[in-house]
Structures are given as C-alpha cells and as structure tokens.
Amino acid sequence: MKRSRAATCVALIVVLLAALAPAARGDEAGVSADAILFGQAAALEGPSSALGQRMRQGIVAAFTEINARGGVHGRRLQLLSRDDGYDPDRSVVQTLRLIEDDKVFALIGAVGTPTAMATIPITSARNVPFIGPFTGAEFLRDLELPNVVNIRASYGAEAEAWIKHLTEDRKFTRIGIFYQDDAFGRDGLAGVKSALAKRGLELAAEGTFERNTRAVGSAWRMLRRAEPEAIVMVGTYGPCAEFIKRAHRSGFYPTFVNISFVGANALARELGAEGEGVIVSQVVPFPWDRTLRLVADYQAAQKAYDPTLPPDFVSLEGYLSGRLAAAALEKTGPNPTRAGLLRVINDVGRFDISGSIVTVGAHAIDTPPKVFLTVIQKDGTFKPVDRL
C-alpha cells in the first residue's frame, strides 16, 4: 500500500512517542472484574456536535444491547465520552485524559481527520486500540498503524463514486469542489482530482472555508464565477448547508454532492425544503431498510436505549463500531488485553455483524467497504440510488 506523506509523519512521531511512553502496568487499563471501559473524544458541543452525539448514541445502543445479554465474558461494556469540539488541540488534551487519567481500555468513535492526525501518534505509541473513527482519511489506512481499526470506506472511494456518477450517469464535465481547508478537506480534494484525472478531466474551480465556521462567501464567489454543472462538497453540515442555500437564493442550481462525513440527516434538517435533490454518499447500509438483519437489530437496540431517537446514518456507524468491538472481545477471550484485542482484529479481519460482513485491516484491501449514493427527497427523507 502506498504510504502518504501524512502517514510517514505520523509513523515518525509514533516512534518518538513510544520511547517516551510510560511502561505498561501489570493490570490491563480499563478492565475490571465486571466491566470494560471505552473512551471517546469527539465533537459533543459546537457547530459539528451532531456528528459526535450520533456516534455516541450508536455505540451506547450497541453496548446496551450487548450488556442486556450478559456482556462479554461476564463484563459490561461502558463508554466515557469527552468533548473535543472538533478541534485538534482539544482532542489531544481529551485523548490524553481518557488514556492517562480515566484509564480506558480502548478508544472508539472519534470524529474527524484533523483530530485523528493529532491523536493517532499518542494512541499508536501506547498501542491503544483506535476503533471505528468517523473519518475516511487515507493515512489511517496505512497498515503500519495496526492499532487503527477502520470500518468505513476511504474518502478516495467516496470521491470515485461521486465522479463516476457525475461523469458517466450525468455526462458532466465541469465539476467544482467546496472543501474544508485542512487535512480532511485536502484528503477529499486529492481523491476528487485523482478520480477526475482517470477520466482525463480537471476541476473547474475550487473554493475553501475554515473549519468550525460558516464563512463560505469567498468560496461561493469563486465557484459561482466558474458556473460548474456540479459541486462536490467536503465539509460538515453547517457550512455545506449555508453554501447550498446561498446558491439557491441566487438562482444557481448545480448538482450538489456531499461526503458521508457531512452528517446526512443533520444536513437534511439544516436545508429543509431546499435539500431536495442534494446527493450524499454513504458508507453504511440504509438505516431504514429493515430487510437487513443488521438494520433491524440496530433499530431495536436504539429503541431500547432511547425510543425518541430516529434512525440515522451516523448512529448506525457508531452501532457498527460498538458491535465490532464486542465481537472482537468475544474472540479475544476472558482475559482481554489491548495487544490481544488488536491481534484478534487484524488476524481475523472479517466479522459477521448480524449477517453483514465487516472487513478490517489488510482484509479490507481485497474486500473494501462499500459506498453508495443517496438523494434527499422533498420531505427531508432519503432515497438510495444506483443511478439518478
């Protein structure tokens, strides 16, 4: 697998931190006689809070379901979540707090690429499992980061799905991009450029915005001048909704395509009636398709945890992460260690979660996670599509 510059930098930092990491304790952190404690550092407040909150809800729903059946080898699964505001510096502080003060066994359900870039060196140096991060960043898929357990498709795979649809189904040739000006946005930008280059095309225009803001005016002016037929969007629900509304107010109606990280349900709520026709790529099964046993189990678990919560793409991803962690712990045995859990995850590589196969690590190279497209309907619901 080709190593990215980001992955190389992370690997060097890991080596340095490993030399400084405290010696391992005799008892495994986060494991007691009757419980196993997981930690989550994610956006729970602020402009991207819906992402962290939904991930937490899905994980807790999965843990509640597992605990109702007696837990894993007699131990209940618990989750301690701390707010990092989708800010890398705060994420470092909260991650260190979870590992060193709270003594969590593993981290799960982190949100974001820039936050992951800041915290992965810390977790890798200490060999702390980093399960189900809500990001498709390419650098996290480096096999020399064995503590990272990805369950979702990469942003490159999402970009390929967008460009395939726009160029082959829609016959578009003028495509622009609106992206967050950081590691997350640039990862999506690279994927789009690569997918276009395969088809002999280049971007018509680029526009950027700053993380945790809705300052989209400059990007709007840049893209409007180019008059693209479609605009692909690499950002969270707030600024993406702001951009789309601004376009519609001016009478400009290109096809908008959003990345899964946007938070599809939150985007639909922000847009209201203006969301009709907006496309969002997804990396988990359709959360309303109860013909899938996974979805039926997810809905039942979420209802048991909190009957007021509606189905949601992000919480389903959190649920999958929680179920995967439990399945791997079952195979690890009655005396779990961090190293043992990671060894099982990477050796097994394929886990049956309610009839749906989740592949991780090297196994995901040959059988990568799927990407599919959805479109927002007039009433704010979603329709899965192969061709539009």
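On a predicted model such as this, the values are computed, not experimentally measured, just so you know. (Residues numbered from 1 in each chain as written. Predicted model: local features only at pLDDT ≥ 70, side-chain atom pairs only at ≥ 80, totals over all residues. Heavy atoms only, no water.)

Notes on the sheet that holds strand β8 (residues 230–234)
Link 1 in the chain: Overall, mixed pairing links the 7 strands, which are arranged β7-β6-β8-β9-β10-β13-β14 in an open sheet. Taken across any chain shown, the strands that pair with only one partner, and hence form the sheet edges, are β7 (205–209) and β14 (382–385). In this sheet, neighbouring strand axes are inclined to one another by 25 degrees on average, regardless of whether the strands run parallel or antiparallel.
Link 2 in the chain: Direction of pairing for strand β6 (residues 175–180) relative to β8: parallel, over a ladder of 5 bridges. (Pairing = 2+ DSSP bridges. Helix = DSSP H or I, 4+ residues; strand = E, 2+ residues; numbered from the N terminus. Axes fitted to C-alpha atoms, helices over the stretch in contact; angles between N-to-C directions.)

A closer look at the domain arrangement of the chain
Link 1 in the chain: The assigned domain composition of the chain is domain 1 (35–153 + 289–354) and domain 2 (155–282 + 372–384).
Link 2 in the chain: Counting each side, the surface lost to burial between domain 1 and domain 2 is near 1800 Å², with a carbon and sulfur contribution of 56%.
Link 3 in the chain: By the criterion of area lost to domain 2, the three top residues of domain 1 are P47, Y86 and F313, representing 32% of everything that side buries.
Link 4 in the chain: On the surface where domain 1 and domain 2 come into contact, there are 1 salt bridge.
Link 5 in the chain: E158 is paired through a salt bridge with R152; the nearest N and O atoms lie 3.6 Å apart.
Link 6 in the chain: Run the count over domain 1 and domain 2 and you get 12 residue pairs in polar contact (both at pLDDT 80 or more). (Domains from an automatic or database assignment. Buried area = accessible area lost by both parts, 1.4 Å probe. Salt bridge = Lys/Arg side-chain N within 4 Å of Asp/Glu carboxyl O. Polar contact = N/O pair within 3.5 Å; in protein donor to acceptor, adjacent residues only side chain to side chain.)

Overview of the pattern of salt bridges
Link 1 in the chain: Across all of its chains, the model carries 17 salt bridges by this definition.
Link 2 in the chain: Close ionic contact of R186 with D181 constitutes a salt bridge, the shortest N to O distance being 3.1 Å.
Link 3 in the chain: On the basis of relative accessibility, which here comes to 44%, the residue D181 falls in the partly exposed class.
Link 4 in the chain: Put simply, E160, K164, E168, K198 and R199 are held in one network by salt bridges that share partners. (Buried < 20%, exposed > 50% of the residue type's maximum accessible area, 1.4 Å probe, protein only.)

Topic: the confidence of the model for the chain
Link 1 in the chain: Chain-level statistics for the chain give a pLDDT mean of 93 and a share of 93% at 70 or above.
Link 2 in the chain: Across residues 14–26, confidence stays below pLDDT 50; counting only partners more than four residues off in sequence or on other chains, it has 11 contacts. (pLDDT = per-residue confidence, 0-100. Contact = heavy atoms within 4.5 Å.)

Describing the sheet that holds strand β5 (residues 148–149)
Link 1 in the chain: Strand order across the open sheet formed by 5 strands is β2-β1-β3-β4-β5, with parallel pairing between neighbours. A single partner strand is all that each edge strand has here, and the edge strands are β2 (76–83) and β5.
Link 2 in the chain: Two strands pair when backbone bridges link them, and strand β3 (residues 106–108) and strand β4 (residues 130–131) are joined in this way by 2 bridges, in the parallel orientation. By the bridge assignment, L107 is partnered in β4 with F130.
Link 3 in the chain: Each of β1 (35–42), β2 and β3 touches helix α2 (residues 49–68); the most contacted strand, β2, lies at about 165 degrees to it.

Considering unusual backbone geometry
Link 1 in the chain: One non-glycine residue, K103, lies in the positive phi region at around 60 degrees.
Link 2 in the chain: Its place among the elements puts K103 in the loop between α3 (88–101) and β3.
Link 3 in the chain: Judged by its relative accessible area of 35%, K103 is partly exposed.

As for helix α6 (residues 183–197)
Given 3.6 residues per helical turn, the α-helix brings residues three or four places apart onto the same face.
Link 1 in the chain: End to end, α6 covers 21 Å across 15 residues, agreeing with the expected 21 Å (1.5 Å per residue, within 8%).
Link 2 in the chain: All of the buried residues along α6 are A183, F184, G185, D187, G188, L189, G191, V192, A195 and L196.
Link 3 in the chain: Of the surrounding secondary structure, the elements contacted by the buried residues of α6 are α4 (113–125), α5 (155–169), β6, β7 and β8.
Link 4 in the chain: Capping the start of α6, D182 holds a side-chain oxygen 3.1 Å from the backbone nitrogen of F184, two or three residues further along. (Expected span 1.5 Å × (residues − 1).)

Let's talk about the environment of H73
Link 1 in the chain: Mapped onto the elements, H73 comes out in the loop between α2 and β2.
Link 2 in the chain: By relative accessible area, H73 is classed as partly exposed at 37%.
Link 3 in the chain: Sequence-wise, H73 and P334 are 261 residues apart; in three dimensions their C-alpha atoms are separated by 5.5 Å.
Link 4 in the chain: A distance of 2.9 Å separates the side chain of H73 from the backbone oxygen of E330, its partner in a polar contact.

Observations regarding the nonpolar core
Link 1 in the chain: Counting 103 residues, the largest nonpolar core has F38, F178, F243 and L267 as its most contacted members.
Link 2 in the chain: When residues are assigned to domains, this core turns out to be shared by domain 1 (35–153 + 289–354) and domain 2 (155–282 + 372–384), each giving three or more.
Link 3 in the chain: Beyond its immediate chain neighbours, meaning those up to four positions away, L267 contacts Y237, C240, A241, N258, V262, V278, V280 and I376.
Link 4 in the chain: By size, the runner-up hydrophobic cluster in this structure holds 17 residues, among which are A41, L98, V104 and L145. (Core = buried A, V, L, I, M, F, W, Y, C linked by side-chain atoms within 4.5 Å.)

Some details on the side chain of S81
Link 1 in the chain: With respect to the helices, strands and loops of the structure, S81 is situated in strand β2.
Link 2 in the chain: For S81, a relative accessible area of 18% gives the class buried.
Link 3 in the chain: At a separation of 2.6 Å, a polar atom in the side chain of S81 contacts the side chain of Q40.
Link 4 in the chain: Setting aside its immediate chain neighbours within four residues, S81 contacts Q40, L44 and R56.

A closer look at the environment of V375
Link 1 in the chain: Within the element layout of this structure, V375 appears in strand β13 (residues 372–376).
Link 2 in the chain: Classification of V375 by relative accessible area gives buried; the value is 10%.
Link 3 in the chain: Counting along the chain gives 98 residues from V375 to G277, while the straight-line C-alpha distance between them is 5.7 Å.

Side note on the environment of G185
Link 1 in the chain: With respect to the element layout, G185 can be found in helix α6.
Link 2 in the chain: The buried category is assigned to G185, whose relative accessible area is 0%.
Link 3 in the chain: Put simply, G185 and T208 are 23 residues apart on the chain and 8.4 Å apart in space, counted from C-alpha to C-alpha.
Link 4 in the chain: What G185 contacts, discounting residues up to four positions off in sequence, is Y179, Q180 and V234.

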